[in-house]
Every structure is written in structure tokens, then in C-alpha cells.
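# Structural overview
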Amino acid sequence: MRVQGKLQPVDWQTALNAAATRIHDNIKHAGIEQLGVLANPSATVEEFYLLQKIARALGVVNIDHRLREQDMRDQADMPLFPGMQASLNELEESDAVLIIGSHLTHEQPIAGLRVRQAVTKHHAMVTAINPMDYEFNFPLAAKEIVAPHQLPTALTQLEHAIEKNSDHPIAVALHEKKRVAIILGALAMHHSEAAVIRALAQKIATLTGGTLSIMTDGANS
């Protein structure tokens, strides 16, 4: 702790008492509504539980773990537990997969393995719309590499192509498939237009009769 202008080692109880005092002082000065609690999405469930107990005991309602997300305009419509609409087993049985804004095999290796098995076992057509041309451990039937700011435009064009049954390569790969999986990755979730991307991805899932899965960022997000 900084004691009389100098950093000095102190025992845990002294440090915790000082932290508690300063938190209470800040609340008195700014008001409880100005206090927020941010949790790292890779922290443990037990740490999350204890953190929210402290926050709620203080009366804090501003608790969040979305440290990298920029666009939360659609949070009122987001599920309390964002994740996969299909199980991993169902993902493996897909006959078409569209990856949006994701280096899937790096972000979620288990999901990436299931997509690979979908290709090898069920000859699934895997496509991707990404800001970088990532190397996956499975072949892509079609891909579109666009600048990050053009991702919503690319999805809008794909939506229209599906509606018109045009010869758009990704629309062709998704056409008349029985088990379509749409996957949103970290790059899509961290995008400045993430709410728009989520809405467009859901429209594409609806048009193709598929499922939408959000690859959460962090082990316990």
C-alpha cells in the first residue's frame, strides 16, 4: 500500500480493510449507481459467485463480464445464457456450416473438431465469412474474406442471395441442406456492429432452417 506517499508491504487484512474503506468512500462521493463491477470471463465460477455476493451486498447492479464487446444495443433481446442452439453432437451431424467472424479451430477447438467430423463423416459443406483468411483443419467449400467494416454488408448480400436463390457461392452451399449450423465467433462478437451481425446471422439461420451458435469468449463467459 501507499503509506505516507511510499509503497510499503502490508498484510492481507490491512490491504482488504483499505480496499473496503475506499470503496465505501467512493460510494458516498459518487453514489452507488456509479459503481460498476467487471469480471474476467476466464475467472472461475466460484470467483464469479463471490464477486456478485460482494457487489449485491453493496447494492451494485452494474455487473458485467463483456470486456471486449463494443456493441450491446441488442442486449435486451439476448438470451441470459448465450451459447449454442444446437448441441455439439448436432453440430457434428450438420451437412452445412457457415462460420462468421471466427478462427474457430483456435477459439473453440472442440467445436472445430466437431465441424471437421461433420466434413469427414457427413460430407458437410463448410463456408466462412471472415476478415482474415484463416487456416482451418477442414476444407472450405466457399469463403469470403472482407475488411472488418464490410462484414455486415457481406452478410446482407448473403441474406438477399439466399432469398433470391442466386448463384452466390455460400448461398449455393447452404441451399436445400437439412441440417445447417451458423456459427458466430469472437471477431463477430467484438465487432463495432455486433448487434447488426447477430441480427443478420439469425435471419440467415431462419431462412436456411438452421441453428445459430455463439462461441462465447472465455472459459466461463
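For the structure given in this document, a descriptive report is provided here.

## Thoughts on the pairing of strand S5 (residues 96-100)
Among the 5 residues in S5, 5 count as buried, and that is most of the element. Bridge analysis of S5 against strand S6 (residues 125-130) gives 5 bridges, and the strand direction is parallel. Along S6, the bridge assignment pairs Val-97 with Val-126. Sheet topology places S5 next to strand S8 (residues 180-184); 5 bridges connect them, and they run parallel. Paired with Ala-96 across the two strands is Val-180, which belongs to S8.

## Some points on the packing of aromatic side chains
Aromatic ring pairs are described here by two measures, namely the spacing of the ring centres and the angle between the planes. Under the defined criterion, the tally for this structure stands at 1 aromatic pair. Seen in terms of ring centroids, Phe-136 and Phe-138 are 5.2 Å apart; in terms of plane orientation they differ by 10°. Their pairing is stacked. We classify Phe-136 as buried; its relative accessible area is 15%. Relative accessible area serves as the criterion here: at 5%, Phe-138 is assigned to the buried category.

## Some thoughts on helix H9 (residues 194-208)
For H9, spanning 15 residues, the distance from its first C-alpha to its last is 21 Å, which sits close to the expected 21 Å at 1.5 Å a residue. Those residues of H9 lying buried are Ala-194, Ala-195, Ile-197, Arg-198, Leu-200, Ala-201, Ile-204, Ala-205 and Thr-208. The positive-phi residue at the C-terminal boundary of H9 is Gly-209, with phi of around 65°.

Here is what the cut-offs are and how they apply
- Residues numbered from 1 in each chain as written.
- Predicted model: local features only at pLDDT ≥ 70, side-chain atom pairs only at ≥ 80, totals over all residues.
- Heavy atoms only, no water.
- Buried < 20%, exposed > 50% of the residue type's maximum accessible area, 1.4 Å probe, protein only.
- Helix = DSSP H or I, 4+ residues; strand = E, 2+ residues; numbered from the N terminus.
- Pairing = 2+ DSSP bridges.
- Phe/Tyr/Trp six-rings, centres within 6.5 Å; stacked < 30°, edge-to-face > 60°.
- Expected span 1.5 Å × (residues − 1).

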